[in-house]
Amino acid sequence: MTDPPGDPLLAQALVGRRDRLRELLDAVTDASNSDVGDMARSSYASEFHFSREVRRLTGESPAALRRRVMLERAAWRLQRGEAVSAVAADEGWSSAEVFSRAFRRTYGVPPSQAADVHFRLSAPNGLHFHPPQSLWLDSSPTVAHPADADAPDVTQLMVVHDVDDTAHLLDRAAQLTPQQWVAEVAPGQTVLEWDGPEPSVGAVLGALVWNKEVWLATIAAEDFPPRSSTQPQFVDARGLAAHHDDIAKRWRAMISEYTVAGRLGDTVIDALCDPPESFQLYGIVAHVLTYSAHRRELARGMLAGHGVDTRLGDPLAWMRGP
């Protein structure tokens, strides 16, 4: 499904901790459910409550939603050359004749001319059949002027996920003993040559935080930051977490500021490099996100080796909540 949907209520249902909308839609589109009563029973709800929830979340009654999605799927199947009788039976119509009448009323042509129409029908919620067996929710129910719609900002999503996931790993790392924090479980492990070896959980997480700190100093024309606030022999997980909170706020604010100003294409001459190098801001952000993601997964594996569980580092899982 696309994300985030245009309908806030639908969006909330889709990304909530329990995907209740998905459960309701499964019941609506299940071919074995012949009526609303069957749909309600398969989703463990009363018929009244089921109908109310589906209408509240989608703006359509269960029967209307089912009929439209089934017709969209039927049209797509007919366009692929499947027989009318087989499609009618599979999609829940009592006969090919009843299906043909419904198809003509809806699409304006008989099933034999399905190739002449787009299988999607007008929908009040942007919810459609998506081949071969999925559903699709448009980012905006009205797509006549897509340029006017606010497009999701993938960069901001990744930036927020990165700092939140880093904070989660630091929180989980606080369970380690001081010995585990600095234990060289991956001797010689090096992510970037100029950052040096990262053989321990503390070293990996410290480098993760320090990488942002260095680039912030470069962009803000500040002195090269000391590593004492991020190296495991000087700071524990809780201390690093507090330092990360400050760095993360500055990092997010910097990206937001330059994004709003339309200046992510600006170039910085990094005098901290020897010799100095030029970097565009959007390249810096991509660099940090790339190596941060790599280090977060390294830290996950190392924490697991110490018997510490962490959540998945997948943004999709993160968006759904714990």
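For clarity, every value in this text was computed on a predicted model and none was experimentally measured.

Cut-offs applied
Residues numbered from 1 in each chain as written. Predicted model: local features only at pLDDT ≥ 70, side-chain atom pairs only at ≥ 80, totals over all residues. Heavy atoms only, no water. Core = buried A, V, L, I, M, F, W, Y, C linked by side-chain atoms within 4.5 Å. Buried < 20%, exposed > 50% of the residue type's maximum accessible area, 1.4 Å probe, protein only. Helix = DSSP H or I, 4+ residues; strand = E, 2+ residues; numbered from the N terminus. Contact = heavy atoms within 4.5 Å. Polar contact = N/O pair within 3.5 Å; in protein donor to acceptor, adjacent residues only side chain to side chain. Axes fitted to C-alpha atoms, helices over the stretch in contact; angles between N-to-C directions. Parallel < 35°, antiparallel > 145°, perpendicular 65-115°, else oblique. Nonpolar A, V, L, I, M, F, W, Y, C, P; charged D, E, K, R; others polar. Expected span 1.5 Å × (residues − 1). Arc of directions from axis to C-beta. pLDDT = per-residue confidence, 0-100. Phe/Tyr/Trp six-rings, centres within 6.5 Å; stacked < 30°, edge-to-face > 60°. Left-handed = near helix turned anticlockwise from the far one by under 90°.

1. Observations concerning the nonpolar core
Inference 1: Counting residues in hydrophobic clusters, the biggest one holds 39 residues, and the most contacted among them are Ala173, Trp181, Val201, Leu205, Trp251 and Ile284.
Inference 2: Secondary-structure elements contributing two or more residues to this core are α8 (154-173), α10 (201-220), α11 (237-260) and α12 (281-305).
Inference 3: The leading source of residues in this core is α12, at nine residues.
Inference 4: Setting aside its immediate chain neighbours within four residues, Leu205 contacts Leu169, Leu170, Ala173, Trp181, Leu240 and Ala299.
Inference 5: In terms of nonpolar packing, the next biggest core, distinct from the first, is built from 36 residues, Met70, Ala75, Phe99 and Leu121 among them.

2. Observations concerning the side chain of His243
Inference 1: If you trace the backbone, His243 turns up in helix α11.
Inference 2: There is a polar contact of 3.1 Å between the side chain of His243 and the side chain of Glu213.
Inference 3: When sequence neighbours within four positions are dropped, the list of residues in contact with His243 reads Val209, Glu213, Ser229 and Thr230.

3. Let's talk about unusual backbone geometry
Inference 1: Cis geometry is found at the peptide bond from Pro131 to Pro132, where omega equals 0°.
Inference 2: Here Tyr44, not a glycine, exhibits a phi torsion of approximately 60°, which is positive.
Inference 3: Position of Tyr44 relative to the elements: it lies in the loop between α3 (36-42) and α4 (47-58).

4. Comments concerning the side chain of Glu53
Inference 1: Counting through the fold element by element, Glu53 comes out in helix α4.
Inference 2: For Glu53, a relative accessible area of 14% corresponds to the buried category.
Inference 3: Within the structure, Glu53 has its side chain in polar contact with the side chain of Arg56 (distance 3.0 Å).

5. What to know about the packing of helix α5 (residues 62-79) against helix α7 (residues 96-107)
Inference 1: For the pair α5 and α7, interaxial distance at closest approach is 11 Å and the crossing angle is 95°. On the basis of their axis angle, the class for α5 and α7 is roughly perpendicular. Between α5 and α7, the contacting residues are Arg67, Leu71, Glu72, Ala74, Ala75 and Leu78 on the first element and Phe99, Ala102, Phe103, Arg105, Thr106 and Tyr107 on the second.
Inference 2: When grouped by side-chain class, the residues that make up the contact of α5 with α7 number eight nonpolar, one polar and three charged.

6. Some details on α4
Inference 1: The terminal C-alpha atoms of α4 lie 16 Å apart, and with twelve residues this matches the ideal 16 Å at 1.5 Å per residue to within 8%.
Inference 2: Turning to α4, its buried residues number three or more, namely Phe50, Glu53, Val54, Leu57 and Thr58. One face of α4 carries all of its buried residues, which in axial projection span an arc of 100°.
Inference 3: Directly beyond the C-terminal end of α4, a positive phi value near 80° is found at Gly59.

7. Some words on the confidence of the model for the protein chain
Low pLDDT marks stretches whose predicted atomic positions should not be read closely.
Inference 1: Taken over all residues, the pLDDT of the protein chain has a mean of 86, while the share at 70 or more is 88%.
Inference 2: In this model, residues 141-149 is a region of pLDDT below 50 whose contacts with residues beyond four sequence positions or in other chains number five contacts.

8. Topic: α11
Helical periodicity: at 3.6 residues per turn, an α-helix aligns residues three or four positions apart in one direction.
Inference 1: Taking 1.5 Å of rise per residue, 24 residues should cover 34 Å, and α11 covers 34 Å from first to last C-alpha, within 8% of that figure.
Inference 2: On the buried face of α11, the contacting elements are α8, α9 (178-182), α10 and α12.

9. Some details on the packing of aromatic side chains
Inference 1: Applying the stated rule across the entire model yields seven aromatic pairs.
Inference 2: Ring geometry for Trp215 against Phe279: centres 5.2 Å apart, planes inclined by 85°, an arrangement best described as edge-to-face. Here Trp215, found in helix α10, pairs with Phe279, found in strand β4 (residues 277-280); they are 64 residues apart in sequence, far enough to count as distant.
Inference 3: Since its relative accessible area comes to 10%, Trp215 is described here as buried.

10. What to know about the packing of α8 against α12
Inference 1: Look at α8 against α12: their axes get within 10 Å of each other, and the N-to-C directions meet at 30°. Comparing the axis directions of α8 and α12 gives the class roughly parallel. The chirality of how α8 crosses α12 is left-handed. Contacts from Thr155, Met158, Val159, His161, Asp162, Asp165, Thr166, His168, Leu169 and Ala173 of α8 reach α12 at Val285, Leu289, Ser292, Arg296, Ala299, Arg300 and Leu303.
Inference 2: For the contact of α8 with α12, the class distribution of residues is eight nonpolar, five polar and four charged.

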